[in-house]
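Single-letter residue listing:
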Amino acid sequence: MENEVKVTPYEVKGILDDEEYKRLMKEFGIQGINQALLNRIKKHTKDIHFMLSRGVFFSHRDMDFILNEYEKGNKFFLYTGRGPSGGTHIGHLLPWIFTQWLQEKFKVDLWFQLTDDEKFMFRQDLELDQVKKLTEENILDIIALGFDPKKTHIIVDTKNSKTLYPEAIKVAKKITFSTTKAVFGFTNETNVGSIFFTAMQAVPAFLPSVLAKKNIPCLIPLGIDQDPHFRIARDVLPKLGYYKPSIMHSKFLSGLKVYGGKMSTSDPDSTIWTTDTPEEVRKKIMKHAFSGGQASIEEHRKKGGNPDIDVAYQWLNYFFEPDDKKLKKIHDDYKSGKLLTGELKSYLVDKINAFLKEHQKKRELAKKQVDKFMFKD
Ligand code: TRP
């Protein structure tokens, strides 16, 4: 079967398996996160987040620079973001949960950008009012993850344009149309706002340096599809006198229906939203999660299942079962046929629902905390 893989900020398609991620690393020119780097991180964090040890965060740009500076006493800041084009699904949470861990372990500031301008300009079906509403909803999911209000600064592009715009035009002046065409696949028919946008996404990578009037290293945890923006930013920022931002890349959480396929926001059955009820979660997982199990119980008991292509297993591995011992037992029992597909799925459903119960509670509490997190300019 042909598997045409494409990963850009504006299109993700194809089946992303380990081979494809390796190929992407070559194509993007990015480094794998190896044991030596993990050891070096662990010196500061004491433990290693399972998303690192299990390769969910699997590659990077210039992590050595971040750690060299940190060890010299020059702390970095974190930067990540969200394009508010819809509700938040659990796939969005992966890099944010990891970012929260980094913030806690390194005790550093985080700048979180909501690109309402981007989603308005790129999505023909969205009006600015809708994007504003989605921005407010998405912010609740972000705050619910437990970021430190004293160290977290949420910026919304249209709200903080007074601060962002003068910096963005400095970036934009150094980017040609021909570069954005090559990087994002734009054409002469692309609207001019979209062509400009990458300059806005570059700004938080050096804004803290502008505000502090001294250069501060920047580390950006992100889903790998966002890397192209920062290839441009890494080229431009040194020309403006700032450091190149460093990056850590995550893989995507698979959509429910096809292993390694994208979690599509246009197909509610391939996705779990942070606002789903326990019944909705159970129904979707039991009915739609692609299984590496056998067709009948007898066959499964005899031949065993294949965790490597099983979406329920991947979701436990990437997100919902942080305990390595428990995960290994599930892996081995599934492979041997001792654990059935229905049992595996049911285990996952309970894990997701326990997570969402807490998350939804914190999401409610977040409504009163928003103001503490918003960057005021
Ligand atoms: N463009 C991203 C999106 O569509 C949002 C974003 C802005 C972002 N700044 C970022 C993502 C920095 C990762 C890192 O979701």
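Everything quoted here is computed from the prediction, not taken from an experiment.

A. Quick look at the sheet that holds strand 4 (residues 57–61). If you trace the seven strands from one edge of the open sheet to the other, you get 3-4-9-8-5-6-7, paired in mixed fashion. Of all the strands in the sheet, just strand 3 (31–32) and strand 7 (152–156) have a single pairing partner and so form its edges. Sheet topology places strand 8 (residues 218–223) next to strand 9 (residues 246–250); five bridges connect them, and they run parallel. Each bridged residue has a counterpart across the sheet, and for L222 the counterpart in strand 9 is H249. Where helix 5 (residues 90–106) meets the sheet, its contacts fall on strand 4, strand 5 (77–82), strand 6 (110–114), strand 7, strand 8 and strand 9, and the angle it forms with strand 5 comes to roughly 165 degrees.

B. Spotlight on the packing of aromatic side chains. Counted by the stated rule, this structure contains 22 aromatic pairs. Between Y165 and F196 the ring centres are 6.2 Å apart and the planes differ by 45 degrees, which places this aromatic pair in the tilted class. Residue Y165 is located in helix 8 (residues 161–172), and its partner F196 is located in helix 10 (residues 192–202); the two are separated by 31 residues in the primary sequence. Through pairs of rings, three or more aromatic residues link up here, namely Y10, F122, F184, F186 and F197. Residue placement shows R231 over the ring face of F28; its charged tip is 4.3 Å from the ring centre. One cation-aromatic arrangement involves K251 over F58; the distance from NZ or CZ to the ring centre is 5.6 Å.

C. Representation of the domain arrangement of the protein chain. For the protein chain, the assigned domains are domain 1 (6–251) and domain 2 (268–364). Contacts between domain 1 and domain 2 engage 17 residues on the former and 19 residues on the latter. Across the domain 1 to domain 2 interface the summed buried area is about 1,600 Å²; carbon plus sulfur atoms make up 63%. The interface formed by domain 1 and domain 2 contains three salt bridges. The residue D324 makes a salt bridge to R54 at a minimum N-O spacing of 2.6 Å. Across the domain 1-domain 2 interface, the total number found is 10 residue pairs in polar contact (both at pLDDT 80 or more). Across the side of domain 1 that touches domain 2, the residue classes break down as 10 nonpolar, three polar and four charged.

D. Spotlight on the nonpolar core. Residues M248, I285 and W315 are the most contacted members of the largest nonpolar core, which totals 66 residues. Ranked by the residues each element gives to this core, the list is headed by helix 5, at nine residues. Among the domains, domain 1 (6–251) and domain 2 (268–364) are the pair contributing at least three residues each to this core. When near neighbours in sequence (up to four residues on either side) are disregarded, I285 contacts L256, I272, W315, K345, L348, V349 and I352. Ranked by size, the runner-up nonpolar core spans 32 residues in total, among them I195, F197, A202 and L237.

Thresholds, definitions, all that
Residues numbered from 1 in each chain as written. Predicted model: local features only at pLDDT ≥ 70, side-chain atom pairs only at ≥ 80, totals over all residues. Heavy atoms only, no water. Pairing = 2+ DSSP bridges. Helix = DSSP H or I, 4+ residues; strand = E, 2+ residues; numbered from the N terminus. Contact = heavy atoms within 4.5 Å. Axes fitted to C-alpha atoms, helices over the stretch in contact; angles between N-to-C directions. Phe/Tyr/Trp six-rings, centres within 6.5 Å; stacked < 30°, edge-to-face > 60°. Lys NZ or Arg CZ within 6 Å of the ring centre and 35° of its normal. Domains from an automatic or database assignment. Buried area = accessible area lost by both parts, 1.4 Å probe. Salt bridge = Lys/Arg side-chain N within 4 Å of Asp/Glu carboxyl O. Polar contact = N/O pair within 3.5 Å; in protein donor to acceptor, adjacent residues only side chain to side chain. Nonpolar A, V, L, I, M, F, W, Y, C, P; charged D, E, K, R; others polar. Core = buried A, V, L, I, M, F, W, Y, C linked by side-chain atoms within 4.5 Å. Buried < 20%, exposed > 50% of the residue type's maximum accessible area, 1.4 Å probe, protein only.

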